[in-house]
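Read off the chains here:
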Amino acid sequence: HESGPVESPQEELPVVGKKTLPLVKEDEETYHYTARDTEKRLKRSERTLAKAPKKPERTSTGLDRARIVGQVNELYIIVELDDGLVIVDQHAAHERVMYEQICDTSSSGWQELITPVTLDLTSKEKVLLEEYIPYLEEMGFGISEFGPNSYVVTTVPALLGKMESTELVHDIIIDLLSTGRVKNDTGMFDNLCKTMACRAAIKAGAECSMGQMESLLKQLDMADNPYTCPHGRPTMISFTRSELDKLFKRTG
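I will try to describe carefully the structure that is included in this document. (Residues numbered from 1 in each chain as written. Predicted model: local features only at pLDDT ≥ 70, side-chain atom pairs only at ≥ 80, totals over all residues. Heavy atoms only, no water.)

### With respect to the packing of helix α2 (residues 90-104) against helix α5 (residues 185-200)
(1) Moving on: Two numbers describe how α2 lies on α5: the axes approach to 8 Å, and their chain directions differ by 135 degrees. As far as their axial angle goes, α5 and α2 are oblique. Crossing handedness for the pair α2 and α5: right-handed. Here α2 contributes H91, H94, E95, M98, Y99, I102 and C103 to the contact with α5, which in turn contributes D190, C193, K194, M196, A197, C198 and A200.
(2) Moving on: For the contact of α2 with α5, a count of residues per class yields nine nonpolar, two polar and three charged. (Axes fitted to C-alpha atoms, helices over the stretch in contact; angles between N-to-C directions. Helix = DSSP H or I, 4+ residues; strand = E, 2+ residues; numbered from the N terminus. Parallel < 35°, antiparallel > 145°, perpendicular 65-115°, else oblique. Left-handed = near helix turned anticlockwise from the far one by under 90°. Contact = heavy atoms within 4.5 Å. Nonpolar A, V, L, I, M, F, W, Y, C, P; charged D, E, K, R; others polar.)

Here it is in structure tokens:
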């Protein structure tokens, strides 16, 4: 991997009506997530990695052997390398890990919700959801009509782990519908995977312990494409020692 900022591939922004939606849908004000929530999300992807078949050797990012300096603003992880440093966006990094796991284990089974999730939709949302239902069912969601414009979700993919709150299910469906219609089957399935990954990943505002940061970097190092999140944003930006020297106008 070359040093310096990672170039983000350009992706077409989803459009609803005449409004262009942003690639990153995060709250303007960062919410503080509990250590328990962070641990649960990281352990979920750790377990999936442990069960996954070994993949061919790939070029290491070096993050699994780097020294972690610390966390900044409960979002960025600072890592020291032999010749410089790397800044990792924790949400983008875990989103990449989750996205690859979700795409690879789309038929990993389902689990029944103790409390089903009811969705009250507009007529337009209902039409769009009908198009997504085959892909949601393939992934492990159980969805059925529950009234004129209402649906009930009774099962979710097993890879989402134990459901202590149904809020995640509701958020995934609403996010999916907010992106509007996607042109083809591949695009619809990929959009579902991206939406699930974004909602399942650790968040901005999640304080991470040293062990949690180590786990995340090891998981990212094992990803097929560790340098960008599914939406094309960089997961990390690196600086060599010489680049840092130039920034500080060091000449000797």
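Picking up where we left off.
### Here we look at unusual backbone geometry
(1) Moving on: A positive phi angle, near 55 degrees, is found at N73, a position not held by glycine.
(2) Moving on: Relative to the helices and strands, N73 resides in the loop between β3 (67-72) and β4 (76-81).
(3) Moving on: On the accessibility criterion, N73 (64% relative accessible area) is exposed.
(4) Moving on: One non-glycine residue with positive phi stands out, namely K249, at about 55 degrees.
(5) Moving on: Locating K249 in the fold gives a position in the segment after α7 (241-247). (Buried < 20%, exposed > 50% of the residue type's maximum accessible area, 1.4 Å probe, protein only.)

### What about the pattern of salt bridges?
(1) Moving on: In this structure the tally under the stated criterion is twelve salt bridges.
(2) Moving on: Where R96 meets E100, a salt bridge forms, and the shortest distance between an N and an O atom there is 3.2 Å. Of this pair, R96 and E100 both sit in helix α2, four residues apart, which is roughly one turn of that helix. In terms of burial, R96 and E100 fall into one category: buried.
(3) Moving on: Salt bridges here are not isolated pairs; linked through shared partners, they connect E39, K43 and E46. (Salt bridge = Lys/Arg side-chain N within 4 Å of Asp/Glu carboxyl O.)

### Remarks on the pairing of strand β7 (residues 142-147)
(1) Moving on: Two strands pair when backbone bridges link them, and β7 and strand β8 (residues 150-157) are joined in this way by five bridges, in the antiparallel orientation. Each bridged residue has a counterpart across the sheet, and for G147 the counterpart in β8 is S150.
(2) Moving on: Between the end of β7 and the start of β8, which pair antiparallel, lie two residues. (Pairing = 2+ DSSP bridges.)

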